[in-house]
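Chains, contacts and geometry: an overview
Given next are the chains, with one letter for each unit.
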Amino acid sequence: MTRFIDLTLNGVSNGAIYAAVALAYVLIWRATRIVNFAAGGMLMITTFVASSVISSSGSYWLGFFVALAIGFLLGGVVERVLIRRVEGGPPLNAVIVTIGLLILLQAIAGMIWSNTPRSFPPAFSIRGYHLGSHTYLFGPFDLFTVVAVLAAAAALFALFRFTDLGLMMRASAFEPIVARLQGVRVGNMLTLGWALASMAGSLAGLLIGPQVFVGPNNFDAVAVFGFAAAVLGGLDSPVGALVGGLILGLVLSYVSGYIGASIVTLAALAVLVAVLMVRPTGIFSSAKVRRI
Amino acid sequence: MLEIEDLVAAYGPVRAVDGVSLSVPAGSITAVLGANGAGKSSLLRAVSGVVRPRSGRVRFCDEDITRAKAEDIVRRGLAHVPEGGGVIAELTVEENLRLGSLWRRDRSDRSKALKEVFALFPRLEEHRRLDASSLSGGERQMLSIGRALMGRPKMLLLDEPSLGLAPLVAARIMELIADLRQKSELTVLLVEQNAKSALRVADRGVVLGVGRVVAENDSHKLAADDQLRQAYLGF
C-alpha cells in the first residue's frame, strides 16, 4: 500500500511537470494551430541559462526568474522572427521550421555549454517527508513543483477569463479575422501566446532539471511526455493539459514502479497511440471533427 | 463619407472586385445588390482591410484607407459586420459585445456603450452570460450589429444581415438598420442578396454583376426598372 501511495505521489509531481510542458504546446496550438516541436529545445536553453546564472551568482532564485523571463522573450522572438512567416501557410512548413529550430537550438547549446550534461539544483530539498518509519517519495521540492504548476495554471486561467487582454487573446485564437475587425491587434496576441507558452515550458525545465540533468538532449523525453499529455487533454484546452499531464504522470509512475522503468517511454507512446485511436480529439477538446 | 475609386481585389488570378467605383454620402443607406458571386462580400472585405486591394483607392472621411489594416480601419469609425455576423461562438454574449470596444481607451464610455446596446437589444441582456452559440440566427445578427455599435462607429458595412433568417426576423433587422440611421446618424453600406427588402430601407442602390457596377440609382428607380430586376435582382 505504501508503495502505491509513493508511486501516486511521484506520479502527481511528475505529472505536474508534464502538465506545464503540455501547456506550452496547448497555448501555441490554440493561438497559431502549430505544434511547436522546438518546445523541448526552448526549455532546454532556458534551463541552461538558469544553470549559468545560478553558478555565477550563487542565487537559485535569480536563475529561476531569469530563466522564466528569457523563456518569455524567446517565445515572443521565435514567433515574430520565424513563425510569423509560416503562419496560415501549409502546416508542413511550420512543422519543418519548428523541427529545424529544435536541431539548431540543440547544436547551439552544445557549442556554448558543451554536450556533457551537468547537474541542476532543486529549489528545495528533494528528500521525502517522513511519516513514522516510512520516507515518502515526495519531498518539499515535489510540493513546490505541484504548487508552482498549479499557480502558473491559475494565473493563466485568470488572465484568459477575467482580463481584457485575455479576452482579446481568446478571440484571436478562435476567430482571427473577426478579432481584427473588432480592432484587436491579432499579431501581438499571437506573439504573447507564444511568449506565455514558452514561459510555461521554462518552468517545466526548471522543475525537471534536477531529475534529468541539463544537456542539449536531456529534455527530449519530457518534451515527448508533455506532447502526449497535451494530446490526451485535447491539444486546445489548458484544463485538458493539466488533467492530461496528471493522468500521464500517474500512468508512467505506475508503469515504472510495477513493470519496469525501462518501458516508461514506450508506455507514453502507447498512451499517445491509444488516445489517437479511441478519442482523437482528446478528453477535453472542443474541436469539431473535420470530415474530408 | 466613403469613396471607392476603381477598386480591384483578387484571390489569386480571380478578380472578385474588378474596378468598382461608388460613393456613399454621409447619413445615407446605400445598398449593394447582386447575385451570389457578384463580388459584394469581396468589396466589403477590400474596404475594411480584411483583403488587401490590388489597386484603386478607398477614402473614408477624406482620408486614404486603401492600404490600412483592418484593426486600424475600425479605429477610424468604419465597422464591418461580416457575412453570418462573425459571432464568436466560444465566447459569451457579453464577451462578444465587450470585444467590440476594447480598442477604446475610455473605460467608462465602454460600459456606457454596453448599457446602450443592452437597451437596444433586451434579449442580449437576458442572455449575457450564455455562450453566443446558444443564440438563434436573428439574435446572433443582433449581437454582431450590437458589437459593431460598441465601438461607436460613424459608418457600418453590413454583409447580408438577413441571410438565413425567417422573413419576419429579416424585416425586423431591416427596420433596425433604418432606425439606427435615424437615431444614431449612422451611415450604412448594406450588402444584400434580397434586393427587395434592401431597397425598401436604402436611399440608393448599386448593382454588381461579376465584379463590376452595372447600375447605380435611387432605390425607387432601381426597383421600378423591370429589365434590371429580372436580369440581376430576381424579383
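Each value, and the rule that gives it
Within each chain, residues carry numbers counting from 1 in the order of the written sequence. Chain letters start at A and ligand numbers start at 1, both assigned in the order the entries are written. Whole-chain, interface and lining totals are the exception, using all residues; otherwise, since this is a predicted model, local features are given only for residues with pLDDT of at least 70 and side-chain atom pairs are given and counted only at 80 or more. Each helix is a run of DSSP H or I of at least 4 residues and each strand a run of E of at least 2, with the numbering of both proceeding from the N terminus. Two things to know: the radius of gyration comes from C-alpha atoms, and the globule rule equals 2.2 Å times the number of residues to the power 0.38. Here a residue counts as buried when 20 or more other C-beta atoms sit within 10 Å of its C-beta, as exposed when there are 12 or fewer, and as partly exposed otherwise, the C-beta atoms being derived from the backbone. In this analysis an axis means a line fitted to C-alpha atoms, helices contributing only their contacting stretch, and an angle means the value between N-to-C directions, from 0 to 180 degrees. Here the angle decides the label: under 35 degrees means roughly parallel, over 145 means roughly antiparallel, 65 to 115 means roughly perpendicular, and every other value means oblique. Each residue gets a C-beta atom placed from its backbone, and two residues are in contact if those atoms lie within 7 Å. Here the term charged refers only to Asp, Glu, Lys and Arg, the term nonpolar to Ala, Val, Leu, Ile, Met, Phe, Trp, Tyr, Cys and Pro, and the term polar to all other amino acids, Gly among them. In this description, strands pair whenever DSSP reports at least two bridges between them. When the strands point away from the viewer and the path from the first strand over the helix to the second turns clockwise, the crossover is right-handed. pLDDT expresses, on a scale from 0 to 100, how confident the predictor is about each individual residue.

Secondary structure summary: chain A contains eleven helices and two strands in total. Its C-alpha atoms give chain A a radius of gyration of 19 Å, near enough to 19 Å, the size a compact globule of 292 residues would have. For chain A, the spread of C-alpha atoms along the three principal axes comes to 65 × 45 × 35 Å. In chain A, buried positions account for 50% of the 292 residues.

When helices and strands are counted, chain B shows ten helices and ten strands. Taken against the 2.2 N^0.38 rule, which gives 18 Å for 235 residues, the C-alpha radius of gyration of chain B at 17 Å falls within 12% of a compact globule. Counting across all 235 residues of chain B, residues that qualify as buried make up 46%.

If you want to describe how two helices pack, look at the angle between their axes and the distance between the axes. Residue and element names in this part refer to chain A. Packing of helix α6 (residues 164-174) against helix α8 (residues 186-212) leaves a shortest axis separation of 9 Å and a crossing angle of 100°. Viewed along their axes, α6 and α8 adopt a mutual orientation that is roughly perpendicular. Contact residues: α6 offers M168, M169 and S172, while α8 offers V186, M189, L190, L192 and G193. Of the residues belonging to the contact of α6 with α8, the class tally is six nonpolar, two polar and no charged.

Residues and elements named next belong to chain B. Spatial ordering of the open sheet is given by β2-β1-β4-β5, a layout of four strands whose pairing is antiparallel. With one partner strand each, in any of the chains shown, β2 (14-24) and β5 (63-64) form the two edges of the open sheet. Bridge count between strand β4 (residues 55-60) and β5: two bridges; the pairing is antiparallel. Paired with R59 across the strands is D64, a residue of β5. Sheet contacts for helix α1 (residues 40-48): β1 (2-11), β2 and β4; angle to β2, the most-contacted strand, approximately 70°.

Turning our attention to the pairing of strand β7 (residues 155-159) of chain B. All names here are of chain B. When you tally the buried positions in β7, you get five out of five residues, the bulk of the element. By the alternation rule, side chains of β7 split into M155, L157 and D159 and L156 and L158, which are all buried. In this sheet, β7 lies alongside strand β6 (residues 78-81) in parallel orientation, the contact comprising four bridges. Looking at β7, one finds that L78 is bridged to M155. Pairing of β7 with strand β8 (residues 187-192) involves five bridges; the strand directions are parallel. By the bridge assignment, L156 is partnered in β8 with V188. Taken together, β7, helix α7 (residues 167-184) and β8 form a β-α-β motif whose crossover is right-handed.

In this section: the interface of chain A and chain B. Facing the 15 residues of chain A at the interface are 20 residues of chain B. A per-element tally of the side of chain A that touches chain B places α6 of chain A first, with six residues. The residue makeup of the side of chain A that touches chain B, split by class, is eight nonpolar, two polar and five charged.

Right, let's talk about the sheet that holds strand β3 (residues 29-33) of chain B for a bit. Residue and element names in this part refer to chain B. Taken together, six strands build an open sheet; the order of strands is β6-β7-β8-β3-β9-β10 and the sheet is mixed. This sheet does not close on itself; its edge strands, each paired only once, are β6 and β10 (212-218). Pairwise comparison of adjacent strand axes, ignoring direction, gives a mean angle of 15° for this sheet. Bridge analysis of β3 against β8 gives five bridges, and the strand direction is parallel. Of the residues in β8, the one forming a bridge with A31 is L190. Here α7 sits on the sheet in contact with β3, β7 and β8, set at roughly 165° to β8.

Glancing now at the confidence of the model for chain A. Detailed reading of the predicted coordinates is not advisable wherever pLDDT falls low. Taken as a whole, chain A shows an average pLDDT of 92; of its residues, 97% reach a score of 70 or greater. Confidence drops under a pLDDT of 50 for residues 288-292 of chain A, and excluding neighbours within four residues, the segment shows one contact in the predicted structure.

Residues and elements named next belong to chain B. Structurally, G19 can be placed in strand β2. Overall, the presence of 14 C-beta atoms within 10 Å leaves G19 in the partly exposed class. Discounting chain neighbours no more than four positions away, the residues touching G19 are D6, V8 and R212.

With that settled, the discussion passes to the pairing of β4 of chain B. Here is the key point about a regular strand: its side chains alternate between the two faces of the sheet. Residue and element names in this part refer to chain B. Judged from the five bridges that link them, β1 and β4 form a sheet pairing that is antiparallel. In the sheet register, E3 faces β4, and the bridge partner there is R59. As consecutive antiparallel partners, β4 and β5 are separated by two residues, and within that stretch C61 has a phi angle of approximately 50°, a positive value.

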